[in-house]
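Report on the structure
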Amino acid sequence: QVQLVESGGGLVQAGGSLRLSCTASETILNGMDWYRQAPGKQREWVAAISGSGGTTNYADSVKGRFTCSRDNAKNTVYLQMNSLKPEDTAVYYCKLERGGRLKYDTWGQGTQVTVSS
């Protein structure tokens, strides 16, 4: 079973930037999504990138500030987050979409992002 390891979270001031990484344990060219969950709120979808990296989509709340990319040679997907706001504070999760030999969606362990005002 493919495993995902996330990194890059932390504490940043409003207006700052962070880059999250999600690295898979093996090469698998499925689409990848980013989600986030703030305390007391439901998990929400943030962004998605196709297996080739050629197509990306974003939630309206992050459009123009967040950029999703991937380096398949490194089995890694990135979420570049700029102009961060306190309301971006959440645990961020990557999810590898099921398909092909991957029978189930696979989630990372999550990484905390805290944006101070």
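Let me sum up the structure you'll find in this document. (Residues numbered from 1 in each chain as written. Predicted model: local features only at pLDDT ≥ 70, side-chain atom pairs only at ≥ 80, totals over all residues. Heavy atoms only, no water.)

This part takes up the overall build of the protein. Across its full length, the protein carries zero helices and eleven strands. Each helix and strand of the protein, placed in order from N terminus to C terminus, yields the pattern β-β-β-β-β-β-β-β-β-β-β. A compact globule built from 117 residues should have a C-alpha radius of gyration of about 13 Å, and the protein, at 13 Å, falls within 12% of that. If one aligns the C-alpha atoms of the protein with their principal axes, the spans along those axes are about 45 × 30 × 20 Å. By residue count, 44% of the 117 residues in the protein fall in the buried class. Taking the contacts inside the protein whose residues are at least 6 apart along the sequence as the reference set, 53% of them involve residues at least 24 apart. Within the protein, one finds 13 positive and 10 negative side-chain charges whose respective centroids are separated by 1 Å. (Helix = DSSP H or I, 4+ residues; strand = E, 2+ residues; numbered from the N terminus. Rg over C-alpha atoms; globule rule 2.2 N^0.38 Å. Buried < 20%, exposed > 50% of the residue type's maximum accessible area, 1.4 Å probe, protein only. Contact = heavy atoms within 4.5 Å. Lys, Arg positive; Asp, Glu negative; His and termini not counted. Charge placed at Lys NZ, Arg CZ, Asp CG, Glu CD.)

Here the focus is the pairing of strand β5 (residues 44-49). As paired strands, strand β4 (residues 32-37) and β5 are joined by five bridges and run antiparallel to one another. Counted as the bridge partner of Y35 is W45 from β5. Taken together, β4 and the strand that follows it, β5, pair antiparallel across an intervening segment of six residues, in which G40 is found at a positive phi of about 75°. In this sheet, strand β6 (residues 56-58) lies alongside β5 in antiparallel orientation, the contact comprising three bridges. When the sheet's bridge partners are listed, I49 is paired in β6 with T56. (Pairing = 2+ DSSP bridges.)

Take unusual backbone geometry next. You will see that N75, though not glycine, has its phi angle at about 55°, which is positive. The residue N75 is located in the loop between β7 (66-71) and β8 (76-81) in this model. The phi dihedral of S83 is positive, around 50°, even though this residue is not glycine. Here S83 shows up in the loop between β8 and β9 (90-96). Judged by its relative accessible area of 40%, S83 is partly exposed.

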